[in-house]
Amino acid sequence: MRTVKLFGDRILVRRHPQENVYAGLLVLPDKSEKSLIWRGIVVESGPGKLWNDGRFDKIEVRPGEEIIYNPRAGKAFRFGEQDYIVIRQREVWAILEDD
């Protein structure tokens, strides 16, 4: 079994498939990926970012949390049947929580 070790403030996210919008019997796919809101589940994260002046910013998201992130962020790849993306912490816009 392989494991992933991320460096710095990088976060590995399992991407949710994007959904099409339906209007009656017509499917209206959004042709511009830049206008989509990207969601995913955090799989793993690095330790955080170490600045030149010695400050350390720890990662604020945890594995298993669902997030919304910048659609222009990171590097996407496919491993097996699953889509992943590696992003930096500053590219996370929000953590989704259940009530």
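The structure under discussion appears in the preceding block.
Q: Lay out the sheet that holds strand S10 (residues 92–96) with the relevant residues and their values.
A: Here we have six strands laid out as an open sheet, ordered S8-S9-S1-S4-S7-S10, and antiparallel in their pairing. With partners counted over all chains shown, the strands left at the sheet margins are strand S8 (75–79) and S10, one partner each. The mean inter-strand angle of the sheet, taken between neighbouring strand axes irrespective of direction, is 40 degrees. Across five bridges, S8 lies against strand S9 (residues 82–88) in antiparallel orientation. Of the residues in S9, the one forming a bridge with Arg78 is Asp83.

Q: Please set out the environment of Glu65 residue by residue, giving values where relevant.
A: Examined against the element boundaries, Glu65 turns out to sit in the loop between strand S6 (56–58) and strand S7 (66–69). Exposure remark for Glu65: the relative accessible area of 24% places this residue in the partly exposed category. Setting aside residues no more than four positions away along its own chain, Glu65 makes contact with Gly40, Ile41, Val42, Glu60 and Ile95. Within the structure, the side chain of Glu65 is placed 2.8 Å from the backbone nitrogen of Arg62, a separation counted as a polar contact.

Q: Which residues make up the environment of Arg90, and what are the values?
A: By the element assignment, Arg90 lies in the loop between S9 and S10. Residue class for Arg90 comes out exposed when judged on its relative accessible area of 60%. With 81 residues separating them along the chain, Arg90 and Asp9 place their C-alpha atoms 8.4 Å apart.

Q: Please provide a residue-by-residue account of the packing of aromatic side chains, values included.
A: To describe a pair of aromatic rings, one takes the distance between the centres and the angle between the planes. Counted by the stated rule, this structure contains one aromatic pair. Ring geometry for Phe77 against Tyr84: centres 5.7 Å apart, planes inclined by 25 degrees, an arrangement best described as stacked. When the ring centre of Trp51 is taken as reference, the NZ or CZ atom of Lys49 above it lies at 4.4 Å.

Q: Requested: an account of the pattern of salt bridges, with residues and values cited.
A: If you walk through the whole model with that rule in mind, you get four salt bridges. Among the salt bridges present, the one from Arg55 reaches Asp53, with a minimum N-O distance of 3.0 Å. On the accessibility criterion, Arg55 (43% relative accessible area) is partly exposed. Given the relative accessible area of 57%, Asp53 is considered exposed. Here Arg78 ties to Asp83 by a salt bridge, and the two come within 2.5 Å at their closest N and O atoms. The partly exposed category is assigned to Asp83, whose relative accessible area is 31%.

Here is what the cut-offs are and how they apply
Residues numbered from 1 in each chain as written. Predicted model: local features only at pLDDT ≥ 70, side-chain atom pairs only at ≥ 80, totals over all residues. Heavy atoms only, no water. Pairing = 2+ DSSP bridges. Helix = DSSP H or I, 4+ residues; strand = E, 2+ residues; numbered from the N terminus. Axes fitted to C-alpha atoms, helices over the stretch in contact; angles between N-to-C directions. Buried < 20%, exposed > 50% of the residue type's maximum accessible area, 1.4 Å probe, protein only. Contact = heavy atoms within 4.5 Å. Polar contact = N/O pair within 3.5 Å; in protein donor to acceptor, adjacent residues only side chain to side chain. Phe/Tyr/Trp six-rings, centres within 6.5 Å; stacked < 30°, edge-to-face > 60°. Lys NZ or Arg CZ within 6 Å of the ring centre and 35° of its normal. Salt bridge = Lys/Arg side-chain N within 4 Å of Asp/Glu carboxyl O.

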